[in-house]
Amino acid sequence: MAIADAVISTALLATMVWLVACVFQYYLPARNRYGYLLALCSVLTAICLSAGYGLYQLVPGAATTKAFFTENLFWIRGAFIFLLIGCMALVSMLWYTLQDRQATERRRSEAEALSRTAELNNLRQQLQPHFLFNSLNSINTLIGIQPESARRMVLQLSEFLRGTLKQDPQQWVSLETELEHLSLYLEIEKVRFGHRLQTVVHNEAGDCMLPVLLLQPIVENAIKFGLYDTTGTITIDIRAERQDGVLALSVRNPFDPDTSGPRRGTGFGLSSVQRRLFLLFARPDLLQTEAQDGVFTTRIKIPQP
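No experiment lies behind these values; they were computed from the predicted model shown.

This paragraph deals with unusual backbone geometry. The backbone phi angle of Asp244 is positive, close to 55 degrees, even though this residue is not glycine. The topology assignment puts Asp244 in the loop between β4 (234-243) and β5 (246-254). Take Asp244: its relative accessible area is 82%, and that puts it in the exposed class. One non-glycine residue, Asp293, lies in the positive phi region at around 55 degrees. The residue Asp293 is located in the loop between β6 (287-292) and β7 (295-303) in this model.

Below, the structure written as structure tokens:
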């Protein structure tokens with residue numbers, strides 16, 4: 001009789017526990033609605049006791065053995081079953097709440113990642129026409145007076161754009177690769193400005209990495225504020241160093257403090273770079289600018305992966 005009672009009670013209790021897990025898999029009570037939890041546990045306890053008593057009476061010889069369902073033992077059984085079902089309900093609710101929270105965080109992270117990617121692409125799409133329009137205007141000017149220079153500029157522009165379109169805005173490249181791509185841009189600008197534009201590159205950073213196409217808008221900003229408001233020759237100094245695991249870049253250009261824009265702040269190119277660095281590293285201090293003694297300096301720090 002004890003074995004029969006144990007098998008019936010354990011099977012029914014396992015069934016009730018399984019039902020609790022199924023319920024909370026698809027339904028979680030809202031906060032401050034835990035009365036539903038108590039009601040569910042009470043109903044399942046009553047079902048388990050009633051079904052257990054009915055099934056036990058079907059066992060041969062059980063009708064003459066009432067010891068397992070005396071009044072005191074009945075309440076002990078009920079409290080024990082209610083306790084186990086309640087514990088399983090709490091564990092199931094905690095488990096599926098954590099699962100739901102993790103799924104929500106995962107969706108939020110994916111949405112933020114998609115948002116960052118979209119904003120990075122948007123920044124890139126805004127920068128491309130910025131440079132392209134200037135180049136096309138220069139080509140239009142050179143066609144009449146210097147057709148050979150215009151033809152050379154078209155070839156360099158196509159090579160530059162071909163390399164740009166292949167790049168993933170979230171990709172990291174070596175500093176050497178970035179400087180090679182930057183040299184294509186500088187060759188185009190030197191066709192536009194001739195001998196007025198000189199560049200000096202000092203690379204002491206070795207095999208450091210950086211986000212692709214990060215230098216071009218900075219150098220473009222230096223050319224804009226260094227050449228557009230002056231008539232003489234300028235030299236743009238580009239330096240790269242490695243400092244305590246950080247790639248430190250600096251771009252310096254002379255400017256006229258009375259007419260040039262740096263005294264009023266940065267242009268779209270620098271603001272887009274600063275926003276891009278913030279999206280990648282969540283730090284607002286990676287880009288700094290300084291205008292002193294007729295020299296405008298842009299400094300960037302890039303943590304190495």
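Still more ground to cover, so stick around.
Moving on, we come to the UniProt feature "transmembrane region" (unreviewed entry) in the protein. Annotation from UniProt places "transmembrane region" (unreviewed entry) at residues 6-28, 35-56 and 76-98. With 91% helix and 0% strand, the stretch residues 6-28 has end C-alpha atoms that lie 32 Å from each other.

As a further point, take the pairing of β4. Bridge analysis of strand β2 (residues 197-204) against β4 gives eight bridges, and the strand direction is parallel. Of the residues in β4, the one forming a bridge with Gln198 is Thr235. Pairing geometry for β4 and β5, over seven bridges, is antiparallel. The partner of Ala240 across the bridge, within β5, is Leu249. The loop that links β4 with its antiparallel partner β5 comprises two residues; one of these, Asp244, has a positive phi angle of about 55 degrees.

Close contact between helix α1 (residues 2-26) and helix α2 (residues 35-57) brings their axes to 10 Å; oriented N to C, the two are set at 155 degrees. On the basis of their axis angle, the class for α1 and α2 is roughly antiparallel. For the element pair α1 and α2, the recorded crossing hand is right-handed. Residue-level inspection shows Asp5, Ile8, Leu12, Leu13, Met16, Leu19, Val20, Val23 and Phe24 of α1 in contact with α2, the latter providing Leu37, Leu40, Leu44, Ile47, Cys48, Ala51, Gly52, Leu55 and Tyr56.

Analysis parameters
- Residues numbered from 1 in each chain as written.
- Predicted model: local features only at pLDDT ≥ 70, side-chain atom pairs only at ≥ 80, totals over all residues.
- Heavy atoms only, no water.
- Helix = DSSP H or I, 4+ residues; strand = E, 2+ residues; numbered from the N terminus.
- Buried < 20%, exposed > 50% of the residue type's maximum accessible area, 1.4 Å probe, protein only.
- UniProt positions renumbered as here; feature names shortened; annotations may be inferred.
- Pairing = 2+ DSSP bridges.
- Axes fitted to C-alpha atoms, helices over the stretch in contact; angles between N-to-C directions.
- Parallel < 35°, antiparallel > 145°, perpendicular 65-115°, else oblique.
- Left-handed = near helix turned anticlockwise from the far one by under 90°.
- Contact = heavy atoms within 4.5 Å.

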